[in-house]
Structures are given as structure tokens and as C-alpha cells.
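Chain and residue survey
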Amino acid sequence: MTTVVLDHTALLAIRRNQNVSRAIATAPETDARLVVPALSLLGAAVHDPPIADHVGSLHRVDIADLGLAAVGFTARLIADGVDWRFAHAIEVARVGPLQPQGLLVMTSEPGVYGPFGIETFTI
């Protein structure tokens with residue numbers, strides 16, 4: 001199964017392009033999974049508040065909670081100077097026991113993820 005993480009920049013780009021949003025909403029079921037980190041959704045909603053409802057209406061998108069296990073790593077990233085809007089996406093996509101290769105991040109700012117060894121797809 002392919003999993004793609006959508007950061008806040010990807011969410012805003014998708015929201016601006018209704019054709020892409022419509023394609024996500026109506027695409028046939030595949031093995032692809034789209035994940036939106038909660039802080040990425042919050043970061044997008046700061047600029048476009050209705051985006052939260054829009055993303056919530058897309059049946060093919062899962063929201064990654066900022067659970068206790070993610071808080072420590074995400075907080076360290078933010079304390080080290082990583083913008084909070086990217087920190088949770090980095091935590092979700094990084095290499096770990098459940099994803100030994102890490103996850104692909106869709107973003108308009110791929111340089112943010114390079115230092116963490118995270119593969120990106122530029123939108």
C-alpha cells in the first residue's frame with residue numbers, strides 16, 4: 001500500500017485547485033492512502049478556515065492525530081527551530097518501525113524535508 005502524507009502547503013494547493021480535490025474525492029478505491037497530520041491541517045486552516053471541513057469531507061483522507069507518542073518527537077523538532085506547521089508531517093513521514101522506508105510527503109516546500117531524509121513529491 002502506498003501512503004502519501006499531505007502537509008499544509010499541499011492542502012492549500014489542493015484547495016486552490018478544485019479539479020485535484022474532486023479527483024481525490026471521486027477516485028476509485030486503490031491501495032493508495034492519503035494521510036494529513038493534524039498540525040498540517042491546523043496550519044492550512046489558519047490561512048483558510050473552511051479547509052478543515054473540506055478535508056474532512058474527503059473519504060480517502062485519514063487524519064493523523066498528534067498522540068502522546070508523536071508529541072515528544074514533534075516538540076523536539078519545534079524546539080530545534082522547525083516550523084510547527086511542518087513538524088508533525090516530519091514526525092508522521094519519518095522512518096520508523098511501522099514504516100521502515102518512511103512515507104512520501106506531498107508539499108510545495110521539499111527543502112524542509114531533505115535534512116530528515118524524507119522523500120517528497122512537489123505539488
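A brief report on the enclosed structure follows. Small disclaimer: the values here were computed from a predicted structure and weren't measured. (Residues numbered from 1 in each chain as written. Predicted model: local features only at pLDDT ≥ 70, side-chain atom pairs only at ≥ 80, totals over all residues. Heavy atoms only, no water.)

Considerations on the pattern of salt bridges
Pairing is possible between side chains of opposite charge, provided their charged atoms come close. Going through the model one piece at a time under the given rule, you end up with four salt bridges. Across the pair arginine 15 and aspartate 48 runs a salt bridge whose closest N-O atoms are separated by 2.9 Å. In this pair, arginine 15 is assigned in helix H1 (residues 8-16) and aspartate 48 in the loop between helix H3 (38-47) and helix H4 (51-56), connecting sequence segments 33 residues apart. Owing to a relative accessible area of 19%, aspartate 48 belongs among the buried residues under this scheme. Between aspartate 62 and arginine 33 there is a salt bridge, with its nearest N and O atoms 3.1 Å apart. Note that aspartate 62 is positioned in strand S3 (residues 61-64) and arginine 33 in strand S2 (residues 33-37), a separation of 29 residues in sequence. On the basis of relative accessible area, aspartate 62 is assigned to the partly exposed category, the value being 35%. For arginine 33, a relative accessible area of 33% gives the class partly exposed. (Salt bridge = Lys/Arg side-chain N within 4 Å of Asp/Glu carboxyl O. Helix = DSSP H or I, 4+ residues; strand = E, 2+ residues; numbered from the N terminus. Buried < 20%, exposed > 50% of the residue type's maximum accessible area, 1.4 Å probe, protein only.)

Topic: the packing of helix H5 (residues 68-79) against helix H6 (residues 84-93)
Direction vectors running N to C along H5 and H6 enclose 135 degrees, while the axes themselves pass 9 Å from each other. In terms of their interaxial angle, H5 and H6 are classed as oblique. Of the two elements, H5 crosses H6, and the hand of that crossing is right-handed. Note on element contacts: H6 touches H5 through Trp84, Ala87, His88, Ile90 and Glu91, opposite Ala70, Phe73, Thr74, Leu77 and Ile78. Of the residues belonging to the contact of H5 with H6, the class tally is seven nonpolar, two polar and one charged. (Axes fitted to C-alpha atoms, helices over the stretch in contact; angles between N-to-C directions. Parallel < 35°, antiparallel > 145°, perpendicular 65-115°, else oblique. Left-handed = near helix turned anticlockwise from the far one by under 90°. Contact = heavy atoms within 4.5 Å. Nonpolar A, V, L, I, M, F, W, Y, C, P; charged D, E, K, R; others polar.)

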